[in-house]
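Structural description and commentary
The lines below spell out each chain.
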Amino acid sequence: MKKKIAIIHTGGTFVMTPNQEGKLTPGHYAQEIIAQRIETLYPQVSFSQIMLLNLDSSLFQPHHWVLMSEKIAELYDEYDAFVIIHGTDTMAYTASALSFMLKNLDKVVVLTGSQLPLMATRSDAIQNLIAAIEVALYGELQEVVLVFNNTTLRGNRVKKKDAWDFHAFYSPNFEPLIKLGIGMERKQHRYLPKRSGIFEIDTRINNNVLIIPFFPGLNFSIYNPIIDENRVKGLVIEAYGSGNIPSDNLGLEELFSSAAHRQIPIAVCSQSPVGRVNLSLYEVASKTEFYGLISTVDMTREATLVKMMIALGRYRSIKNIKKFMTANIAGEKENSDAR
Ligand code: ASP
């Protein structure tokens, strides 16, 4: 029996072409080129190309993540694996969202894209797509991954780090799952274990989240009116290093008290992509425990923001939101901040 792979198009540079002013814009040629070049390479595989979206991924919103999840759910029983062609700008956010929305996944969902359009002479598009298909066919992964420049990373651990180099993504706190060289270097011990439940999707989401990056001179009282308007339902503080939030910063205590009063959860991630948040390490961070701040441990800022949106979509009580944020749902974090 032929393996079946669904290639889901969402757009991005991969499918783009220069318009009359020379600016890259989504084109309509990719499906045909893929059919010619990929389908002939893999006669043992049955491919379907699904045109779901054709957008620059910087235009993506949470409802696009919902659309992708729903499409995978619709096709789930029919295909062995899913490859999503996606723009690089927000691929890390989509990968995180799908990792939470697709529950009890027992197939692989591979996101890929390219730095140069498929039609460009030096394009990385075909190479990335072939690598994505190889990973999809490999069959032992049961999670959302990102394949780029011959590296397979856990989707909810990635960050786009380079807008120029072909090696555009990295995963600061989690080693690659698979490297493709002249063979496949597989790190099975890093794969997510098989889930026991039945596959389903949960796409509830609430995007009323605000992120505040810390910097010397930041006056938190600027944000107080926003909190008081009651529109923000979850806060993420991007703290220094290992989660340091100098608590005597202007307006900070007021903001935290106001958030606590309104039952707004506050998660703390770090401006340093590598390493872990440890709220009990430095004296300057000690007061923050008083406000019940949630340590994101080693989650990326992308995964933190998406996870907070999903927590707010799924739960009402701050207790349940905190429980979800601190749990390891889809391999997005280490279980504790202890090294
Ligand atoms: N702006 C493009 C996008 O995210 C960039 C890319 O695909 O590399 O759709």
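From a predicted model like this one, the values you see are computed outputs, not experimental measurements.

1. Things to note about the site of the ligand
- Neighbouring residues of the ligand: Gly12, Thr13, Asp56, Ser57, Gly87, Thr88, Asp89 and Ser114.
- Between Asp56 and the ligand, the recorded distance is 2.9 Å, taken from a side-chain N or O atom to a nitrogen atom.
- One nitrogen or oxygen atom from the side chain of Ser57 is found 2.6 Å from an oxygen atom belonging to the ligand.
- Taking 260 Å² as the accessible area of the ligand by itself, protein coverage stands at 90%.
- Classifying every residue of the shell around the ligand by side-chain character gives no nonpolar, six polar and two charged.

2. Digging into the sheet that holds strand E1 (residues 3-11)
- Strand order in this open sheet of eight strands is E4-E1-E5-E7-E8-E9-E12-E13, and the pairing throughout is mixed. A single partner strand is all that each edge strand has here, and the edge strands are strand E4 (45-55) and strand E13 (184-186). Strand-to-strand twist of the sheet, defined as the mean angle between neighbouring strand axes without regard to direction, takes the value 20°.
- Sheet topology note: the strand E5 (residues 81-85)/strand E7 (residues 108-112) ladder contains five bridges and is parallel. Each bridged residue has a counterpart across the sheet, and for Ile85 the counterpart in E7 is Thr112.
- The sheet strands contacting helix H3 (residues 91-101) are E5, E7 and strand E8 (144-148), and the helix crosses E7 at an angle near 170°.
- Against the sheet, helix H4 (residues 125-138) engages E1, E4, E5, E7, E8, strand E9 (151-154), strand E12 (178-180) and E13, with an angle of about 170° to E7.

The rules behind the values
Every chain's residues receive numbers from 1 upward, in the order its sequence appears when written. In view of the model being predicted, local features appear only for residues whose pLDDT reaches at least 70, and side-chain atom pairs are presented and counted only at 80 or more, with totals across whole chains, interfaces and linings using the full set of residues. In computing side-chain values, all of the structure's heavy atoms are included and hydrogens and water are not. Whether a residue is near a molecule or strand depends on its heavy atoms: if one lies within 4 Å, it is near. Within 3.5 Å is the distance limit for a polar contact, defined as a pair of N or O atoms, with the added protein rule that one can donate a hydrogen and the other accept it, and that residues adjacent in sequence qualify only through two side-chain atoms. Accessible areas in this description were obtained via Shrake-Rupley with a 1.4 Å probe; residue shielding takes into account the shown protein chains only. When residue character is reported, Ala, Val, Leu, Ile, Met, Phe, Trp, Tyr, Cys and Pro are called nonpolar, Asp, Glu, Lys and Arg charged, and the others, Gly included, polar. Only when DSSP finds a minimum of two bridges between them are two strands counted as paired. Under the scheme used here, helices are H or I runs from DSSP no shorter than 4 residues and strands are E runs no shorter than 2 residues, and both carry numbers assigned from the N terminus. Only the contacting stretch of a helix is used when fitting its axis, a line to C-alpha atoms as for every element, and angles between N-to-C directions run 0 to 180 degrees. Here, residues are in contact when the closest pair of their heavy atoms is within 4.5 Å.

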